[in-house]
Amino acid sequence: MYSHLEAEGTSVTVAHCKAQNLPVDGQVDRILEQQTIGNFIGFAFGERPLPNGKESNTERLSMEEVSFFQHDQNFPPDSDGEPIMTSVMARIGSDRDFNRLCMVGKNIQSLKSRLWEGIIPLSEQLWQEKGLDRPEHFDFACQHLSAVIAVFQYLNEPTVRLYLRDTFNYIYDHWATLDTVLNKRRAEQEKKPVSVAGLWTIYMSAHFEMMTERAHRWVMVHANTLRTPLLRALLEYRPPGGGYPGSEPDAVQWKISDSLHMLTELVANADFTILIPMNGYKGHFADAPREGPAELHAANLLTRSKAYHERLKLLTREAIPRNAAGLGESTLSSGQMYHATSRSQIEGQNKLRKEVRGVPVEPIPRESWITACSSKMNSEKKEGKEEKYGLAVYRLTYGQTESEWTEFVRKVEAHVSDWGKGQTGSSAIKEHLKLHWLDGKELGIAEGDVDAAKQHFKNIENGNDDWSKLEDGAFLVVDSASFASYTTDSYSSATSRLTPGDFTGFLLAIDPEFDPEKGISRPDESPGYSGQMRILGSLVWSDLYSLLSSQTSGLEDHWPLASEHPNMVYVGPTIPWQRFIWQKHSEMRWNLLRAVIDHVKLSLGMPVAPPPQASSTMATPATAVSSAAPLTDSVPLPTPPAGAAQDPVNAAIRTYMLTEFQRYLRHHGQPRRAAMVDELLRLQPGEEPDGARLRRLVDDENERQEQRRRDGLGEDEETSREYHPECPLQ
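Residues numbered from 1 in each chain as written. Predicted model: local features only at pLDDT ≥ 70, side-chain atom pairs only at ≥ 80, totals over all residues. Heavy atoms only, no water.

Visitor: Explain the sheet that holds strand β5 (residues 433-439) to me, using residue names and the numbers behind them.
Guide: Spatially, the six strands line up as an open sheet ordered β5-β4-β6-β7-β8-β9, and their pairing is mixed. Among the strands making up the open sheet, the edge pair consists of β5 and β9 (569-570). Where strand β6 (residues 475-478) meets strand β7 (residues 506-510), three bridges bridge the pair, whose relative direction is antiparallel. Each bridged residue has a counterpart across the sheet, and for F475 the counterpart in β7 is I510. Those strands touched by helix α18 (residues 555-562) are β7, β8 (532-536) and β9, and its axis lies near 65° from that of β8. (Pairing = 2+ DSSP bridges. Helix = DSSP H or I, 4+ residues; strand = E, 2+ residues; numbered from the N terminus. Contact = heavy atoms within 4.5 Å. Axes fitted to C-alpha atoms, helices over the stretch in contact; angles between N-to-C directions.)

Visitor: So, the packing of helix α6 (residues 138-155) against helix α8 (residues 196-236): which residues are in play, and what are the values?
Guide: For any two helices packed against each other, the geometry is given by the interaxial angle and the distance between the axes. α8 packs onto α6 with a crossing angle of 155° between their chain directions and a minimal axis gap of 11 Å. Here α6 lies roughly antiparallel to α8, going by the angle between them. In this structure, the crossing between α6 and α8 has a hand that is left-handed. Of the residues in α8, those in contact with F138, A141, H144, L145, V148, F152 and L155 of α6 are M211, T212, A215, W218, V219, H222, A223, L226 and L230. Along the lines of polarity and charge, the residues of the contact of α6 with α8 split into 13 nonpolar, three polar and no charged. (Parallel < 35°, antiparallel > 145°, perpendicular 65-115°, else oblique. Left-handed = near helix turned anticlockwise from the far one by under 90°. Nonpolar A, V, L, I, M, F, W, Y, C, P; charged D, E, K, R; others polar.)

Visitor: Report on the packing of aromatic side chains, specifying residues and quantitative values.
Guide: Applying the stated criterion across every chain yields a total of 28 aromatic pairs. Taking the centre distance of 6.5 Å and the plane angle of 45° together, the rings of F40 and F43 count as tilted. Of this pair, F40 and F43 both sit in helix α2 (residues 35-44), three residues apart, which is roughly one turn of that helix. Accessibility classification places F40 together with F43 in one group, the buried group. Here the basic side chain of R91 rests over the ring of Y170, its NZ or CZ set 4.4 Å away from the ring centre. Across the ring face of W116, the terminal group of K112 is positioned such that the distance to the ring centre comes to 5.2 Å. (Phe/Tyr/Trp six-rings, centres within 6.5 Å; stacked < 30°, edge-to-face > 60°. Buried < 20%, exposed > 50% of the residue type's maximum accessible area, 1.4 Å probe, protein only. Lys NZ or Arg CZ within 6 Å of the ring centre and 35° of its normal.)

Visitor: So what's going on with α8? Which residues, and what values?
Guide: Between its first and last C-alpha, α8 extends 60 Å over 41 residues, near the 60 Å set by a 1.5 Å rise per residue. Of all the bends in α8, the greatest, near 25°, is centred on R227, and the proline P229 appears no more than four residues after it. (Expected span 1.5 Å × (residues − 1). Bend = angle between axes of the 7 residues up to and from the residue.)

Visitor: Lay out α6 in plain terms, naming residues and giving numbers.
Guide: The end-to-end C-alpha distance of α6 is 27 Å, a good match for the 26 Å that 18 residues give at a rise of 1.5 Å each. Most of α6 sits out of view: 17 of its 18 residues are buried.

Visitor: Please give an account of unusual backbone geometry that cites residues and values.
Guide: The linkage connecting E362 with the following residue, P363, adopts the cis geometry, with an omega of -10°. Examined against the element boundaries, P363 turns out to sit in the loop between α11 (336-357) and α12 (368-382). Even without being glycine, E190 reaches a positive phi, approximately 60°. The class for E190 is exposed, based on a relative accessible area of 76%. Even without being a glycine, Q551 presents a positive backbone phi close to 60°. Judged by relative accessible area, which is 59%, Q551 ranks as exposed.

Visitor: Provide a residue-level description of empty space enclosed by the protein, including the pertinent values.
Guide: For the structure on display, the rule yields 11 cavities of 30 Å³ or more. Its volume calculated, the largest cavity comes out at about 100 Å³. What lines the largest cavity is a set of 15 residues, and nearest its centre among them are H16, N107, L111, A147 and T574. Broken down by secondary-structure element, the contributors of at least two residues to the lining of the largest cavity are α4 (106-116) and α6. (1 Å grid on protein atoms, 1.4 Å probe; cavity = no way out; pocket = protein on both sides within 12 Å on 5 of 7 lines; lining within 4 Å. Points joined across faces, edges and corners; volume = space filled by probe spheres on them.)

Visitor: Break down the packing of α2 against α8 for me, citing the residues and quoting the values.
Guide: Two numbers describe how α2 lies on α8: the axes approach to 10 Å, and their chain directions differ by 115°. Considering the angle they form, α2 stands roughly perpendicular to α8. Considering how the two elements wind past one another, α2 and α8 form a crossing that is right-handed. Together, T36, I37, N39, F40, F43 and A44 of α2 and V196, L199, W200, Y203 and M204 of α8 make up the contact between the two elements. Looking at side-chain class alone, the contact of α2 with α8 contains nine nonpolar, two polar and no charged residues.

Visitor: Please set out the nonpolar core residue by residue, giving values where relevant.
Guide: One broad trend across soluble globular proteins is that nonpolar side chains are buried collectively. F40, F69, F152, W175 and W200 are the most contacted members of the largest nonpolar core, which has 136 residues in total. Looking at which element gives the most residues to this core, the answer is α8, with 19 residues. There are two domains that each give this core at least three residues, and those are domain 1 (13-236 + 255-283) and domain 2 (386-517 + 529-574). Excluding anything up to four places from it in sequence, F152 contacts L115, M211, T212, A215, T273, I274, L275 and I276. (Core = buried A, V, L, I, M, F, W, Y, C linked by side-chain atoms within 4.5 Å. Domains from an automatic or database assignment.)

Visitor: Go over the environment of A509, please, and point to the residues and values.
Guide: Mapped onto the elements of the fold, A509 is located in strand β7. With a relative accessible area of 0%, A509 lands in the buried category. Each C-alpha atom, one on A509 and one on Y570, is 10.0 Å from the other, the two residues being 61 residues apart in sequence.

Visitor: Could you give an account of the pattern of salt bridges, with specific residues and numbers?
Guide: In this structure the tally under the stated criterion is 24 salt bridges. With its nearest N and O atoms 2.9 Å apart, the salt bridge here joins E82 to R96. Of the two residues, E82 is situated in the loop between α2 and α3 (84-92) and R96 in the loop between α3 and β3 (102-104); the sequence distance between them amounts to 14 residues. On the basis of relative accessible area, R96 is assigned to the exposed category, the value being 53%. (Salt bridge = Lys/Arg side-chain N within 4 Å of Asp/Glu carboxyl O.)

Visitor: Lay out the environment of I575 in plain terms, naming residues and giving numbers.
Guide: Structurally, I575 can be placed in the loop between β9 and α19 (576-603). Classification of I575 as buried rests on a relative accessible area of 1%. With 556 residues separating them along the chain, I575 and A19 place their C-alpha atoms 8.6 Å apart.

Visitor: Lay out the pairing of strand β4 (residues 389-395) in plain terms, naming residues and giving numbers.
Guide: With seven of seven residues buried, β4 lies mostly within the body of the structure. The pairing of β4 with β5 spans seven bridges and is parallel. Bridge pairing links V393 to W437 in β5. With three bridges joining them, β4 and β6 adopt parallel strand pairing. From the neighbouring strand, Y394 faces β6, where its bridge partner is V477.

Laid out in structure tokens, this is it:
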């Protein structure tokens, strides 16, 4: 049914092409995103500008002609034909017309969906929050840039390029048929003729311009940011001993040069790949001739690539004499010559970029969702309406003092509101997008009762005009885990290999329409999705709200990107290197947890399950914890075998393992069970557990926690009151 497209990729994109199994084999991709039709209709009726922010003087449709687009309106009128919108939407991808659907990796498909709407991969603050501007995260940063290139490489694959063109042309033909009916009616009314087909070409041309310009600009800005300190270091570095004429570059110079070469390749690929040629699109006139060889503007990506690299070699050779002028032979190994060579490549690329892409679009188009939101808000303001825009947030954790909750809200608001840098036009809507807090306790909702919050949210959405402008595709919840993520280090990164920006505070996003009995239409594409997902606070507006309001994707579409995170948190678009480290980190934690449990069981004389095969599925936290069933309140603790702790080494290991297991229990909100581990720690070989002592330990723990609460201290910092079996141990 689907075309599974495999591509080897280039040296820049090969990692992304090989990583198309996140976490399922593939994602169905409607190459022309379905929300595009609705956005086009808004433009055709004059309700919104072109995607690139420009206005068009072309004749638009009048509101009385909207009946021709209604889903229950036969087309042509008084015929047995189906509604025009049914015919158009079927062309994008349906059971009736599935020939141009593609199967592609979730990593590429998800990023393509956001780039289609001009939404940048990472905002400036998220880029810095993830530490991608630091030298130690250079490889992470480059993969985020190459991910964008991989998306457009996919769109430029010959088969995909033809599928996109054919889908456009089929829809063009439907609009052309509509034009015949509309213009016959307009002629009778002595009105100007209209061309919906022509508007379709104008709209999609502007749309492709917007999405390619925004994606290319984002890559270029960050590539230049990464390159600037490297060029400075290359120029200022002095090899030990000063070097000598003709000497080979040392390790430091090689490393800097390799990094610069990687950025040169990234920029080159961005220049000739982040394009969508409209050759063969109906109604589209050929672009005006540009400078440089004609092959630079070919529709075929491989042809453009070959022509680009040949042209770049020539332009670089021409620039080297200019940049190397005045450098003596004694500077050949000082870094100045290497710097001059790099500058020559940059100059060549800057000149070649204009030949390939033309003059950059200025000003850079806004993200479409920002334009739409701004237009809607301005319209409401002119009518004198004060609407509530943003997201509802329910408090469903009640164990905090008022001062603790106030401080938490302050942290969340600061984290969530720090967005918009790099997102053109965000300042026009930023002050209107707000979190609207609702106290679940005051509303009679039990602690942690998400279903009750869902019902309350539906009621206020349907029955209260003041809340009608809130995003209805999701709302947020503060549970004890999200509270702990902002107030403790329980969910912070465990090692330096994990970027700290992926482990900042998060909230719980809820899909109000999710029915666990029905599930989702394609569960194989979002396995394990349960209608909710954790999301970083810094992504609430730039990702969650933007993708929902633009109808680009929902929570179920984000879930596969979050499912591999150690804490099951959505942290934005992911890259292969990032997910590889997450996977290895999780494997290491499960191995450690399994070792702790096995040691406890061995110490207690219990059988230990054989280790899983390398190819088997990794144990989940739920199964790992359930194997520790003897440590319960109702089952007596068995006696460790005689001699089990006589060896000092074994005794030390046993103590360490039990202590770590106790920390694990406390971390997951089980202080009574953690207290019972104290009894295991004090037992000597052959000694029976003391029931009275166990009860005293548990009572003491309860009293300690209650005293902390009376003192306004809350729980211990390492304790999370809510246990999530699906969340790996930190």
